[in-house]
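Spelled out from the first residue to the last, the chains are:
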Amino acid sequence: MDISNRTIFIIGATSGIGLGLARRFATAGSTVIVGGRRTDPIDGLEVVEIDVTDADSVARARDAVLDRHPGLDTVVTMAGVMLVEDLRDPAHFATAETTIDINLLGTIRVIDAFTPHLLARGAGTFITVSSGIAFLPFPLMPTYGASKAAVHAYSESLRAQLLGTGVGVAELVPPAVATTAETKQMNPAAVDLGAFLDEAISLLTQSPTPDEILVEAVHEHRWAEREGTYGELVTRRSQALAMLPGRSVQA
Ligand SMILES: NC(=O)c1ccc[n+]([C@@H]2O[C@H](COP(=O)([O-])OP(=O)(O)OC[C@H]3O[C@@H](n4cnc5c(N)ncnc54)[C@H](OP(=O)(O)O)[C@@H]3O)[C@@H](O)[C@H]2O)c1
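Residue numbers run consecutively from 1 along every chain, following the written order of its sequence. Local features in this predicted model are restricted to residues whose pLDDT is 70 or higher, and side-chain atom pairs enter the listing and the counts only when it is 80 or higher, whereas totals over whole chains, interfaces and linings include all residues. By convention in this description, side-chain values take in all heavy atoms of the structure and omit both hydrogens and water.

**Q** Sorry if this is basic, but what is going on with the site of the ligand here?
**A** Nearness of a residue to a molecule or strand requires only that one of the residue's heavy atoms be within 4 Å of it. Close contacts around the ligand come from 27 residues, with Thr14, Ile17, Arg37, Tyr144 and Val177 the closest. Any N or O atom pair separated by 3.5 Å or less is treated as a polar contact, with the protein-specific requirement of one donor-capable and one acceptor-capable atom, and with residues adjacent in sequence counted only for side-chain atom pairs. Ser15 is positioned with one of its side-chain polar atoms (N or O) 2.9 Å from an oxygen atom of the ligand. Contacts to the ligand include Gly80, whose backbone N or O atom sits 3.4 Å from an oxygen atom. Residue burial considers only the protein chains on display, and all accessible areas are found by Shrake-Rupley using a 1.4 Å probe. Here the ligand, which alone exposes 880 Å², has 89% of that area covered by the protein. Numbered from the N terminus, helices here are DSSP runs of H or I no shorter than four residues, and strands are runs of E no shorter than two. Sorting the residues of the shell around the ligand by element identifies helix H1 (16-28) and helix H4 (142-162) as the ones contributing at least two each. For this classification, Asp, Glu, Lys and Arg are treated as charged, while Ala, Val, Leu, Ile, Met, Phe, Trp, Tyr, Cys and Pro are nonpolar and the rest, including Gly, are polar. In terms of residue class, the shell around the ligand is built from 13 nonpolar, 10 polar and four charged.

**Q** Would you explain the pattern of salt bridges in this entry?
**A** Note on pairing: side chains with opposite charge can pair once their charged atoms come close. For salt bridges, the criterion is a side-chain nitrogen of Lys or Arg within 4 Å of an Asp or Glu carboxyl oxygen. Inspection of the entire model under this criterion finds 13 salt bridges. With a closest N to O distance of 2.8 Å, Arg109 and Asp101 form a salt bridge. Think of it in three bands: residues with accessible area under 20% of the maximum for their type are buried, residues over 50% are exposed, and the middle band is partly exposed, with areas taken using a 1.4 Å probe on protein chains only. Its relative accessible area of 22% is what places Arg109 among the partly exposed residues. Arg236 is paired through a salt bridge with Glu232; the nearest N and O atoms lie 3.5 Å apart.

**Q** Sorry if this is basic, but what is going on with the environment of Ser155 here?
**A** Its location among the elements puts Ser155 in helix H4. Overall, Ser155 belongs to the buried group, its relative accessible area being 1%. For the pair formed by Ser155 and Ile127, sequence separation is 28 residues and the distance between their alpha carbons is 8.9 Å. Once you skip the residues sitting within four places of it in the chain, Ser155 turns out to touch Thr128, Val169 and Glu171. Residues count as neighbours in contact if any of their non-hydrogen atoms are within 4.5 Å of one another.

**Q** For this particular structure, what's the right way to read H1?
**A** Owing to its 3.6 residues per turn, the α-helix brings residues three or four apart onto one side. One fewer than the residue count of a helix, multiplied by 1.5 Å, yields its expected span. With 13 residues, H1 extends 19 Å between its outermost C-alpha atoms, agreeing within 8% with the 18 Å of an ideal straight helix rising 1.5 Å per residue. For H1, the full list of buried residues reads Ile17, Gly18, Leu19, Gly20, Leu21, Ala22 and Phe25. Of the residues one or two after H1, Gly29 is the one with positive phi, at around 115°.

**Q** Mind showing me how you'd approach the packing of aromatic side chains here?
**A** Each pair of aromatic rings is reported with the distance of its centres and the angle of its planes. Aromatic pairing here means that ring centres of Phe, Tyr or Trp (its six-membered ring) are within 6.5 Å. Orientation follows from the plane angle: under 30 degrees is stacked, over 60 is edge-to-face, and everything else is tilted. Counted by the stated rule, this structure contains one aromatic pair. For the ring pair Phe9 and Phe114, a centre distance of 5.8 Å and an interplane angle of 70° mean the geometry is edge-to-face. Here the residue Phe9 occupies a position in strand S1 (residues 7-11), and Phe114 occupies one in helix H3 (residues 93-121), the gap between them amounting to 105 residues.

**Q** I tried to follow helix H9 (residues 230-237) on my own but got confused; where do I start?
**A** Those residues of H9 that sit buried are Leu233, Val234 and Arg237. Angularly, the buried residues of H9 cover 100° about the axis, an arc narrow enough to put them on a single face. For this quantity, the arc is that covered by the directions from the helix axis to the C-beta atoms.

**Q** Would you take a moment to explain the packing of H1 against helix H6 (residues 193-204) for this structure?
**A** Two measures define how a pair of helices packs: the angle their axes make with one another and the distance between the axes. The axes are straight lines fitted to the C-alpha atoms, using for helices just the contacting stretch, and the angles between their N-to-C directions are given from 0 to 180°. As a packed pair, H1 and H6 sit with axes 10 Å apart at the nearest point and diverge in direction by 55°. As judged from the angle between their axes, H1 and H6 are oblique. Considering the relative orientation of H1 and H6, their crossing is right-handed. Where H1 approaches H6, its residues Gly16, Ile17, Gly20, Leu21, Arg24 and Phe25 are matched on the opposing element by Leu193, Gly194, Phe196, Leu197, Asp198, Ile201 and Leu204. Of the residues contributing to the contact of H1 with H6, the split by class is eight nonpolar, three polar and two charged. Here the word oblique covers every angle except those under 35 degrees (roughly parallel), over 145 (roughly antiparallel) and from 65 to 115 (roughly perpendicular). Take the far helix as the reference: if the near one is turned anticlockwise from it by less than a right angle, the crossing is left-handed, and if turned clockwise, right-handed.

The analysis is restricted to geometry; functional conclusions fall outside its scope.
Given below as structure tokens:
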């Protein structure tokens, strides 16, 4: 994908990876529209309000973006939340609902809103966003992992259904990425945002665009089952459950 001349709407770009990606596309020469619930001005970027849990808000944002940018050719479904759940406490269900509503149904609402436009153009790209956790669970965030595994599966079917229309689907699969100093402190192993973007952009700009954007640090997750390391890695990642109240680490 050539990123120097796209017109791209990144939903979930008011912070973090989405904002970093927005800046990279803008620097490369693309026209970038940033979406999120927050509408504080972001230097040099157009911001459009969108709440992916609300179909009316998604339709309003779609109409506003297409009104100003009828040549829109790229839509990124970056909006997401990563929430901890204690499955021994039934109160976790509210968190599960929120996670599915934003990460999975939000992705589907946005894709549905823009599919007619991209099909009518006969050219364009959806970039969906899953996670390494889609392929290797992090037991502290059960519904998060389930939502991202679902985004992966959905992306595969979407790509198959759009085959031959000119509309492609690329799935960005981030590993742990340190988007703030605080997240770096919480997980020192997380990849720095700048390094992640460098590598992700170099993969995204390959021709043809890969179906999955897999930076080196996410290969351990993506291929754990194939490599036979899955069980051992899930056990290791389960150590984090000790963070939950009243829980000690199981051997
Ligand atoms: N950072 C990582 O380690 C990592 C790893 C793997 C995958 N990912 C995925 O990458 C994406 C970005 O993560 P991040 O770490 O950059 O998180 P972040 O800084 O918290 O960004 C999340 C973005 O999603 C938006 N968002 C949340 N709820 C929304 C809603 N209801 N409607 C519209 N926008 C909403 C937020 O905007 P508003 O608050 O303005 O609405 C924000 O722009 C997520 O899908 C995440 O699951 C991240």
